[in-house]
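This is what each chain is made of:
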Amino acid sequence: MPDWVADEQRYVFQNYGRQPVVIERGAGARAWDTDGNEYLDFVGGLAVNALGHAHPVVAEAVAEQAKKLIHTSNLYYTTPMIELAKLLVENSCLDRVFFCNSGTEAIEAAIKLARRWGHDTRDGAYGVIAFNDGFHGRSMGALAATGTERYRAPFAPLAPGFTHVNWNDMAAVKAATDANTVAVLIEPIQGEAGVNMPDPGFFKELRAWCDEKGLLLILDEIQTGIGRTGTLWAYQQEDIEPDIMCLAKGLAGGVPIGAILAREEIAAHLVKGDHGTTFGASPLATAAGLATMRYLIDNDVPAQAMKASEHLQARLRAMEDSIPAVTEVRGRGMLLAISLDRDCSAEIIDECRQRGLLVNNVRPNAIRFMPPLNVTGDEIDRACDILEEAIKMVTAEIPK
Ligand SMILES: Cc1ncc(COP(=O)(O)O)c(C=O)c1O
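Thresholds, definitions, all that
Residues numbered from 1 in each chain as written. Predicted model: local features only at pLDDT ≥ 70, side-chain atom pairs only at ≥ 80, totals over all residues. Heavy atoms only, no water. Helix = DSSP H or I, 4+ residues; strand = E, 2+ residues; numbered from the N terminus. Near = heavy atom within 4 Å. Polar contact = N/O pair within 3.5 Å; in protein donor to acceptor, adjacent residues only side chain to side chain. Areas by Shrake-Rupley, 256 points an atom, 1.4 Å probe, with all protein chains shown as cover. Nonpolar A, V, L, I, M, F, W, Y, C, P; charged D, E, K, R; others polar. Phe/Tyr/Trp six-rings, centres within 6.5 Å; stacked < 30°, edge-to-face > 60°. Buried < 20%, exposed > 50% of the residue type's maximum accessible area, 1.4 Å probe, protein only. Pairing = 2+ DSSP bridges. Expected span 1.5 Å × (residues − 1). Contact = heavy atoms within 4.5 Å.

1. A closer look at unusual backbone geometry
Next up, step 1: The omega angle of the peptide bond from Ala 156 to Pro 157 is 0 degrees, so this bond is cis rather than trans.
Next up, step 2: Mapped onto the secondary structure, Pro 157 falls in the loop between α7 (149-152) and β6 (162-165).
Next up, step 3: Located in the positive-phi region is Asp 123, a residue other than glycine, with phi close to 55 degrees.
Next up, step 4: Structurally, the position occupied by Asp 123 is in the loop between α5 (103-121) and β5 (127-131).

2. Some details on the site of the ligand
Next up, step 1: Around the ligand sit Ser 102, Gly 103, Thr 104, Phe 135, His 136, Gly 137, Glu 187, Glu 192, Asp 220, Ile 222, Gln 223 and Lys 249, and those are all the residues in its vicinity.
Next up, step 2: Between the ligand and Phe 135 there is a distance of 3.2 Å, counted from a nitrogen atom to a backbone nitrogen or oxygen.
Next up, step 3: Gln 223 places a side-chain nitrogen or oxygen 2.8 Å from an oxygen atom of the ligand.
Next up, step 4: Contact with the protein chains removes 82% of the 390 Å² of surface that the ligand exposes when unbound.
Next up, step 5: Residue classes in the shell around the ligand are distributed as two nonpolar, six polar and four charged.

3. Quick word on the packing of aromatic side chains
Next up, step 1: Tallied over the entire structure, the rule returns six aromatic pairs.
Next up, step 2: Look at Phe 135 and Tyr 151: their rings are 5.9 Å apart centre to centre, the planes differ by 80 degrees, and that puts the pair in the edge-to-face class. You can see Phe 135 sitting in the loop between β5 and α6 (140-145) and its partner Tyr 151 sitting in helix α7, a full 16 residues away along the chain.
Next up, step 3: On the basis of an interplanar angle of 80 degrees and a centroid distance of 5.7 Å, the ring pair of Phe 202 and Phe 203 is categorised as edge-to-face.
Next up, step 4: Residue Phe 203 is classed as buried on the basis of its relative accessible area, which comes to 1%.

4. Looking at the pairing of strand β10 (residues 258-262)
Next up, step 1: Within β10, five of the five residues are buried, which leaves it mostly tucked inside the rest of the structure.
Next up, step 2: Burial along β10 is two-sided: the face carrying Gly 258, Ile 260 and Ala 262 and the face carrying Ala 259 and Leu 261 are both buried.
Next up, step 3: Here four bridges tie strand β9 (residues 244-247) to β10, and the two strands are oriented antiparallel to one another. For Cys 246, the partnering residue across the bridge sits in β10 and is Ile 260.

5. Let's talk about α5
An α-helical turn contains 3.6 residues, so any two residues separated by three or four positions project in the same direction.
Next up, step 1: Between the first and last C-alpha of α5 there are 27 Å, a value that for 19 residues agrees with the 27 Å anticipated at 1.5 Å per step.
Next up, step 2: Near the N-terminus of α5, the side chain that reaches the backbone nitrogen of Thr 104, with its oxygen 3.5 Å away, is that of Ser 102.
Next up, step 3: Backbone geometry just after α5 places Asp 123 at a positive phi near 55 degrees.

6. Describing the side chain of Gln 313
Next up, step 1: Following the sequence through the fold, Gln 313 ends up in helix α13 (residues 301-322).
Next up, step 2: Discounting chain neighbours no more than four positions away, the residues touching Gln 313 are Gly 331 and Leu 336.

Honestly, it's all geometry; don't read function into it.
The structure is reproduced here in structure tokens:
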């Protein structure tokens, strides 16, 4: 047997902190490594595997499309991308879709669209207000929008025109707005920051401010979209509508894809030649997206996620009540996290993995849960039994 970990360390860029496990295959919320060990996968490919691993509907759509046409280019029309765009428009508040290949690319497209719109309609306004601790990707534009200094500092200078304010701080948004401001870019829930929740009413106030000042509200639903928070889009739970929405992660059930959706009068400003990508809207990715989204909508999978969330939250809250080290449970749907009273999440996820559960140490003192939206009650119970044992063990050993 090759030593996969040693080979990775020899041949691959060392820019990721990988867990020492070589995942070979999966089924639903379960995954197996090359030694045949089974895991409950509550990382879900970082909120990508909306329907779990190897869902037959997604697998068959990919296989069938691969036999017909994997790629042709945007010089031509293809049917899966048109059907997926129609489905997204019919099931959202927005009117048009642009397809790309990742969340980062969706953010880049949204920034360019907002600036194009500012160029055409707002005397060249280009400023974007984003949020401290927010995460939007790692390319030079998306990184400029990302509000975490340690990601940004080594790559300065970044694209100009971005201002960061504190999450939930409406006064700071107002103070940061000037004649050059064209848009506010925000996640409905800050996922990578540790599942930070918006204050009740914050998004309504933000929407009203954008309307008052003529700013575009760009929602980064890359992590929260596709049913992750228990409704198809997280904005539905805030009772607002964005002007532009960025998608990726779960959209094609695991196949790389990104997209932005926008209102008609905004989308109209991105004209021929303004933007594009060779792989964007590929028949393979959009066929996977069409199969994923159809299944998700026809079977009301977001509602299943909402129900499963109640179960998972109840189990996590029971831990909060019974284990002093667990200080908070937060999140919505299948995007949940717990906080700990000390920096021990790395040790806890190690213990979990050794007991057959994959979870994510999103912060040194927080663990994030992003299982498939269709995870079962039995899987939640087994995962929580393992988690509880791991937390108790580690927190007994590691003092505050
Ligand atoms: C909210 C949010 N925006 C953007 C991104 C970047 O997406 P990608 O990694 O697909 O480029 C992520 C990735 O985690 C994300 O969570």
